[in-house]
Amino acid sequence: MKFTYFNPTKLIFGEGTLSQLGTEVRALGKKALLVTGGGSIKRSGTFRKAVASLEQAGVSWAECSGVEPNPRLSTVNRGAGIAKEEGCDVVVALGGGSTMDAAKVMAAAVFYDGDPWDMMIHVRENRHEPQRALPIVTVPTLAATGSEMNGGAVITDEKTTVKSFVIAGCLYPRVALVDPELAMSVPADQTAYGICDLITHVTESYFNGVDGTPLQDRVAVGVILTAMEWGSKAVENGQNVEARAQVQWASTVALMGLVQAGSYAPFPVHLIEHSLSAHHDIAHGAGLSIVSPAWMRFAARSRPERFAQFAHRIFGIPFQKDNATEAAAEGIGRFETFLRSIGCPTRLSEVGIGEDLLERYAKDSLLIASDEQGRLPGRPPMSASDIVETLRTVL
Ligand code: NZQ
Ligand code: ZN
């Protein structure tokens, strides 16, 4: 095992911590670009409380509202423009993963005169790797992506319908202020999609990472079991603040780098899903809950023991070497049943996707990452036809 672990984000976690926003932001700047989504935080009262805290601490602000789910490049440009015009010296993201991701790239785009799309990971020629960004403070209102405490951001170029991402040291938030009360207004469907997303962040590592990471594997299992237990409660009763807190913490832990440390895992399920949400604007977690079990069935064919171990650790399904294939299949089936039980879709038709663009999804996934043989990295790697056939199983 060999790795470098880096995470400079200060995490402030707990009910009521939103009131600390002003003090934290004031330590980083005087005028904040307040990045917000489509209006949920205005309806819930979160926006009012955040602004009161900023103003009390003497922080002035300008708003970039209307960040859409699956945030668009044009929105990033708009926000960076506001930050420059208004002379903002700190960026505060108040919302879900989409808002946080857009805010991060805005913070870097302030220092880059070119197209922020140049920063994306798949750009092969003259890629601009961001080195500098305004200080970022994240305040998640939805438990899902873990964006609050990582250096990644996912953006869609709406003109080409390609969804890509950037990861950079300067995109780590300085402070993540995680107040689980803010998620109490999240509807049951989005709550469920977030649970699927956070679980998939650790299953990607668990199944696609290198061998020999037993601690990371057990942390992953802890995240999954916690998300299943407390996630079901949060879906059942959104006002259960204890459930909201446990799910929120699980989502932060799932993608703040601990589980991924030393695993060098590619994220094939994510790359396939991103091509779906780029084309159809579906919720990321909903897309994952369709792709993930389908991908597991594909991958279990070449590594049944690993999937049998998952079945055993998550669902207590016993297995021996000679029945690993059956145990793996049972575990994947139970996982799919869990996803359905919380209200996630598991078929493309449920989110209005047919078979017309299957080849295009494969091509777009491979545009973001491919190995020397032109396959999507993962265990095992997938050819374009593997991707098409896997998606075909869940039409
Ligand atoms: O826009 P508003 O009005 O706020 O409504 C949002 C949106 O409609 C709503 N919502 C958020 N907080 C709420 C709430 N509704 C009521 N009460 C609240 N407290 O939820 C809807 C979805 O929001 P969104 O931000 O799109 O969801 P999520 O957090 O799942 O983010 C998804 C985006 O993050 C990317 C995805 O690809 C997608 O673009 N990802 C980012 C990652 C990262 N940066 O590390 C990793 C992930 O794997 C993922 O790819
Ligand atoms: Zn995700």
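Scope of this entry: the structure provided in the associated data block. (Residues numbered from 1 in each chain as written. Chains lettered and ligands numbered in written order. Predicted model: local features only at pLDDT ≥ 70, side-chain atom pairs only at ≥ 80, totals over all residues. Heavy atoms only, no water.)

Okay, the sheet that holds strand 8 (residues 175-178) next. Read across the open sheet, the six strands follow the order 1-8-5-4-2-3; overall the sheet is parallel. Edge positions in the sheet fall to strand 1 (10-13) and strand 3 (60-64), since each of these pairs with one other strand and no more. Direction aside, the axes of adjacent strands within the sheet are offset by 20° on average. Against the sheet, helix 5 (residues 97-109) engages strand 2 (31-36), strand 3, strand 4 (90-95) and strand 5 (136-140), with an angle of about 165° to strand 4. (Pairing = 2+ DSSP bridges. Helix = DSSP H or I, 4+ residues; strand = E, 2+ residues; numbered from the N terminus. Axes fitted to C-alpha atoms, helices over the stretch in contact; angles between N-to-C directions. Contact = heavy atoms within 4.5 Å.)

Turning to the nonpolar core, a few remarks are in order. Counting residues in each nonpolar core, the largest one holds 107 residues, and the members touching the most others are Leu-33, Ile-199, Trp-295, Phe-307 and Phe-310. Of all the elements, helix 10 (residues 284-300) adds the most residues to this core, at 10 residues. Residue assignment places this core across two domains, with domain 1 (10-183) and domain 2 (188-392) each supplying three or more. Core analysis: the next-biggest nonpolar cluster, separate from the first, contains 20 residues, Ile-12, Leu-34, Leu-54 and Leu-94 among them. (Core = buried A, V, L, I, M, F, W, Y, C linked by side-chain atoms within 4.5 Å. Buried < 20%, exposed > 50% of the residue type's maximum accessible area, 1.4 Å probe, protein only. Domains from an automatic or database assignment.)

In the vicinity of ligand 1, 31 residues are found, and the nearest of them are Gly-38, Ser-40, Gly-97, Ser-98 and His-201. Taking Gly-152, its main chain carries an N or O atom lying 3.2 Å from a nitrogen atom of ligand 1. Within the contact set of ligand 1, a nitrogen atom lies 3.5 Å away from a backbone nitrogen or oxygen of Val-186. For ligand 1, whose free accessible area comes to 960 Å², the fraction covered by protein is 89%. Elements with a contribution of two residues or more to the shell around ligand 1: helix 5, strand 6 (152-157), helix 6 (188-208) and helix 9 (268-280). For the shell around ligand 1, the per-class residue count stands at nine nonpolar, 19 polar and three charged. (Near = heavy atom within 4 Å. Polar contact = N/O pair within 3.5 Å; in protein donor to acceptor, adjacent residues only side chain to side chain. Areas by Shrake-Rupley, 256 points an atom, 1.4 Å probe, with all protein chains shown as cover. Nonpolar A, V, L, I, M, F, W, Y, C, P; charged D, E, K, R; others polar.)

This part covers the coordination of the zinc ion (ligand 2). Every protein donor of the zinc ion (ligand 2) is accounted for by Asp-197 (OD), His-201 (NE2), His-270 (NE2) and His-284 (NE2), and the metal-donor separations fall at 1.9 to 2.2 Å. Mapped onto the sequence, the donors of the zinc ion (ligand 2) take the spacing D-x3-H-x68-H-x13-H. Of this pair, Asp-197 and His-201 are both found in helix 6, four residues apart, which corresponds to roughly one turn of the helix. Residue classification places Asp-197 among the buried positions, given a relative accessible area of 2%. Judged by its relative accessible area of 3%, His-201 falls in the buried class. (Donors = N, O, S within 2.8 Å, 3.2 Å for Na, K, Ca; no water.)

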